[in-house]
Amino acid sequence: SRNDQRHRSTITFGYDLPQYENRVLNAVAGNWQVSGNIRLQSGRRFSVSVSALQSLGSFVPQRADFAQGRAGDKGELGKLTQTTYLGSTALRWFDPTAYAQPAAGFQGKAGRNTLEGPSYRRVDLAFTKRFPFSSNRVDFRFEVFNALNTVNYANPVANISQATAGTIVSADDPRVVQLSLRVHW
């Protein structure tokens, strides 16, 4: 399945720090809330394809074929490796030379969703300080998305007809910090 993801876990947590009897201590350390979530997931499946549009009776993507002598190889590198293309360095996820253009009128033998992309790890945190007054309150919120600044790569270019085939050309957002003020009345 296109959405096959073997492992996925999301852990969400929240904790209200206690109120203190001492007014000064309570003003500094009281009325805080810490919350966040942790996401861990294995990579998404993808298919290796080619750009040649051949009349196969449908509009399904044209799957690649295995290169001569590489049947069943799939070109998996198992990790990111550096490759140089036109003077710039890119991160290669699979070896596109393991695949070839299929014969005219035939779908390639490479199979559907045979490769798995990079895994994903992300930690988001939020710290909220509540300032009560009369029957209202003001919340100051400090949020950090991707707190550990983990690089989460997207799937590689899967079309072997492109020069960037097998390389990863995009990633998820880096660490983002956000401040907010909210008034409850």
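Residues numbered from 1 in each chain as written. Predicted model: local features only at pLDDT ≥ 70, side-chain atom pairs only at ≥ 80, totals over all residues. Heavy atoms only, no water.

1. Points about the side chain of S42
Link 1 in the chain: Examined against the element boundaries, S42 turns out to sit in the loop between β2 (32-41) and β3 (45-46).
Link 2 in the chain: Taking the relative accessible area as the measure of exposure, S42 reaches 12% and is therefore buried.
Link 3 in the chain: In this structure the side chain of S42 is engaged in a polar contact, spanning 3.4 Å, whose partner is the backbone nitrogen of R6.
Link 4 in the chain: Not counting residues within four places of it along the chain, the set of residues in contact with S42 comprises Q5, R6, H7, E116 and S119. (Helix = DSSP H or I, 4+ residues; strand = E, 2+ residues; numbered from the N terminus. Buried < 20%, exposed > 50% of the residue type's maximum accessible area, 1.4 Å probe, protein only. Polar contact = N/O pair within 3.5 Å; in protein donor to acceptor, adjacent residues only side chain to side chain. Contact = heavy atoms within 4.5 Å.)

2. Details of the pairing of β2
Each regular strand shows side chains that alternate between the opposite faces of the sheet.
Link 1 in the chain: Here strand β1 (residues 8-16) runs beside β2; their pairing, made up of nine bridges, is antiparallel. When the sheet's bridge partners are listed, F13 is paired in β2 with G36.
Link 2 in the chain: Sheet topology note: the β2/strand β9 (residues 120-133) ladder contains 10 bridges and is antiparallel. Among the inter-strand pairings, W32 is bridged to a residue of β9, identified as K129. (Pairing = 2+ DSSP bridges.)

3. Some words on unusual backbone geometry
In terms of backbone geometry, most residues other than glycine have negative phi values and most peptide bonds are trans.
Link 1 in the chain: Backbone geometry at N113 places phi at a positive 55°, although glycine is not the residue there.
Link 2 in the chain: Relative to the assigned elements, N113 resides in the loop between β7 (99-100) and β8 (115-116).
Link 3 in the chain: What makes N113 buried here is its relative accessible area of 11%.
Link 4 in the chain: A positive phi is found at N149, a non-glycine position, where the angle reads about 55°.
Link 5 in the chain: Here N149 shows up in the loop between β10 (136-145) and β11 (167-168).
Link 6 in the chain: On the basis of relative accessible area, N149 is assigned to the partly exposed category, the value being 37%.

4. Comments concerning the environment of Q41
Link 1 in the chain: With respect to the helices and strands, Q41 occurs in strand β2.
Link 2 in the chain: Leaving out residues up to four positions away in the same chain, Q41 has contacts with Q5, H7, R8, S119 and Y120.
Link 3 in the chain: A distance of 3.3 Å separates the side chain of Q41 from the side chain of R8, its partner in a polar contact.

5. Description of the packing of aromatic side chains
Link 1 in the chain: Scanning the entire structure with this criterion turns up four aromatic pairs.
Link 2 in the chain: Measuring from centroid to centroid gives 5.9 Å for F66 and Y99, while their planes differ by 25°, and the two rings are stacked. A residue pair is termed long-range when its members are at least 10 positions apart, and F66 in strand β4 (residues 65-66) and Y99 in strand β7 qualify at 33 residues.
Link 3 in the chain: These aromatic residues form a ring-pair network of at least three members: F46, F66, F94 and Y99.
Link 4 in the chain: Just above the ring of F131 sits the side chain of K129; from NZ or CZ to the centre is 5.5 Å. (Phe/Tyr/Trp six-rings, centres within 6.5 Å; stacked < 30°, edge-to-face > 60°. Lys NZ or Arg CZ within 6 Å of the ring centre and 35° of its normal.)

6. Some remarks on a nonpolar patch on the surface
Link 1 in the chain: Residues F131, F140, F142, V177, L179 and L181 make up a contiguous nonpolar surface patch of about 570 Å² in total accessible area.
Link 2 in the chain: Elements with a minimum of two residues in the nonpolar patch: β10 and β12 (176-184).
Link 3 in the chain: Mapped onto the secondary structure, V177 falls in strand β12. (Patch = residues over 30% accessible without salt bridge, like charges linked within 9 Å, V, L, I, M, F, W, Y side chains within 5 Å. Areas by Shrake-Rupley, 256 points an atom, 1.4 Å probe, with all protein chains shown as cover. Salt bridge = Lys/Arg side-chain N within 4 Å of Asp/Glu carboxyl O.)

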